[in-house]
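# Structural features, examined
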Amino acid sequence: MKKLLLLSLLAVAIVSAKAETTAPIDTGKAAAPAPPDPPLVFSGSVDTYWKYDFAKRANIPTSFASDQNSVSIGMIDLGLKKKVGKASFVGEISFGPRGQEQSLPDGSNSLDPIVTPGVSSYHIQNLYVSYDVTDKFNLTAGYMSTFVGYEVISPAANFNYSTSYLFTNGPFQNAGFKATYAFSDKVSLMAGIFNNYWNTYTSYSSTGESLGSGDVSTFGAQLTVTPVKGWTAYLNVLTGSYSGTEFDLTTAYQITDAFKLGLNAATFSPPHNGAGFDGVAIYPQLAVSKVVTFGLRGEYFDVKKGGGNVTGITATANIKAGPLTFIPEVRFDNKTTAFYAPFKDSNGVSTNSASQFLLAAVYAF
Amino acid sequence: MANAQKSLLSMNEHNKYIYYQVVDLPGISADSLYKNAVYFIKQVYPKTKPMQMSNNSIIIKDKFLTYTYIVKHEDGEIACTLSIECKEAKYRYWLTDFVFTPYEKNRYGLFVPINGIDIPLETAISKVTKKELDGYLDQTGSFCKQLSEKLKKYMAEGRAIKKQDQPPAKVVTDKW
């Protein structure tokens, strides 16, 4: 079934690419009379990695790049999008550990976040439709990658290959309905209602039963501000009685052609007075040539109510060879004893530090 | 798709890429040509305010998308400036100030501009590969050619173009 689906997607892409070879170039002017509709766009990525934790065991518990001393796969990600007039859709599917059990919910088993590998994943990363009511006002509904946070699931859209604690502990996807209004080129506001639980394809009843009535009760909003050219800031809130409340600031400033500085800060309060988290991560990146960029990620992550904290430093390089990016990365994490991650040294003794090296390759098309 | 279209571009005295044309239209006054140029601008750029629109000359900003070749998706956009100047029985126009902004795929599966990255095509070889630059120049040449053909039609025919766009005459098929 999966092979059939893949073959169908590839066939659609090949037919569309062939049909588009004589199409006029889209001028990108929404205001032009009868502009040609953009073609059916096909894109995606594949990624693979090797990771070596210096304690000879997988210590750092953030998302993806999980296998110790193994040449492992991330995912193959395949996306289609099409816009006709004011209406558009995006469909994006993924296969592989990163694109199934490590980032997607089980399609059949209510709130169980762990998919039975290869069995019940719907493979859907994005599935939504969108309509431009006006040039400034857009409506979108479906299952979407979350608007919260700096890092994302796709390795092609992240600079670092390993992920932050902020990413791992925040939402991955939110299904719902959202409206976005652009007040100007510099300010826009999104507000939406989303299913009661994060990271699920459907809403669920309060008891977690899929047959009971769920509700669409999570409120989300994002204020986007572009104070100066090159600098964009997103102020995000996601709040609901089932999944809790997260406030998030995500911002990036391309200060020069070569230097970019990113920042992510968030605070999360779960429902029922549980222990949430506070965290901040900073992302300086310096392009030293047209193919090599170096970057750091410095993160401080604190679990509220005495749950301890962790500080992580990750040094990463992106080395580009056309569509292929090699990502060597070294990471050092130091935690307090109370922090939940069970770091152990090479002798199996508990410790408060962990370090790893990884080499990843990501091909984006 | 646009092989060797970059040959349509030249370098001007400021060492900037330019697509430059002078067109003779004998018998048409400068005033009429300017009116045709204004009509072209209003039809093709109905929501864009020209940077200059006086003294028989118009300057307006434009931009177009660039695509990857093998698997076709947006790769970036190239902004440029279109200038038109009218005289008695002739006009000239040129496209220049080509600045490339790369796109990246965002979390929603859409390709969007990278905010803050603007690369003039003249210096792009320090930022992109030669193959990529050749592709952008080819697509720039292709865009200029298409826009040029459209502009020439408007300048030659003016408002008559609108009449040509009307639906074809009806044919009565029950009498033959």
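Below is a summary of the structure that appears in this document. (Residues numbered from 1 in each chain as written. Chains lettered and ligands numbered in written order. Predicted model: local features only at pLDDT ≥ 70, side-chain atom pairs only at ≥ 80, totals over all residues. Heavy atoms only, no water.)

## Remarks on the interface of chain B and chain A
Listed per partner, the contact involves 34 residues of chain B and 42 residues of chain A. Across the chain B to chain A interface the summed buried area is about 3300 Å²; carbon plus sulfur atoms make up 52%. Here chain B and chain A share four salt bridges between them. Here D77 of chain A makes a salt bridge to K105 of chain B, at a shortest N to O gap of 3.9 Å. Summed over the shared surface of chain B and chain A, the number is 13 residue pairs in polar contact (both at pLDDT 80 or more). Broken down by secondary-structure element, the contributors of at least two residues to the side of chain B that touches chain A are α1 (30-44), β4 (57-67) and α2 (130-157) of chain B. In terms of residue count, the dominant contributor to the side of chain B that touches chain A is β4 of chain B (five residues). Class assignment of the residues belonging to the side of chain B that touches chain A gives a composition of 15 nonpolar, 10 polar and nine charged. (Contact = heavy atoms within 4.5 Å. Buried area = accessible area lost by both parts, 1.4 Å probe. Salt bridge = Lys/Arg side-chain N within 4 Å of Asp/Glu carboxyl O. Polar contact = N/O pair within 3.5 Å; in protein donor to acceptor, adjacent residues only side chain to side chain. Helix = DSSP H or I, 4+ residues; strand = E, 2+ residues; numbered from the N terminus. Nonpolar A, V, L, I, M, F, W, Y, C, P; charged D, E, K, R; others polar.)

## Overview of the packing of aromatic side chains
Within this structure, the stated rule accounts for 30 aromatic pairs over all chains. Here F40 of chain B and Y45 of chain B contribute two aromatic rings whose centre-to-centre distance is 6.2 Å and whose plane-to-plane angle is 80°, an arrangement assigned as edge-to-face. Exposure class is identical for F40 of chain B and Y45 of chain B. Each is buried. Taken together, Y165, W198, F268, F277, F301, F339 and Y340 of chain A form an aromatic cluster joined through their ring pairs. (Phe/Tyr/Trp six-rings, centres within 6.5 Å; stacked < 30°, edge-to-face > 60°. Buried < 20%, exposed > 50% of the residue type's maximum accessible area, 1.4 Å probe, protein only.)

## Things to note about the nonpolar core
With 42 residues, the main nonpolar core has F40, L82, I84, L95, F98 and L121 of chain B as its most contacted residues. Elements represented by at least two residues in this core include exactly β2 (17-24), α1, β4, β5 (74-87), β6 (90-105) and α2 of chain B. For this core, the element with the most residues is α2 of chain B, which contributes nine residues. In terms of nonpolar packing, the next biggest core, distinct from the first, is built from 27 residues, Y150, F194, L238 and V303 of chain A among them. (Core = buried A, V, L, I, M, F, W, Y, C linked by side-chain atoms within 4.5 Å.)

The analysis is restricted to geometry; functional conclusions fall outside its scope.
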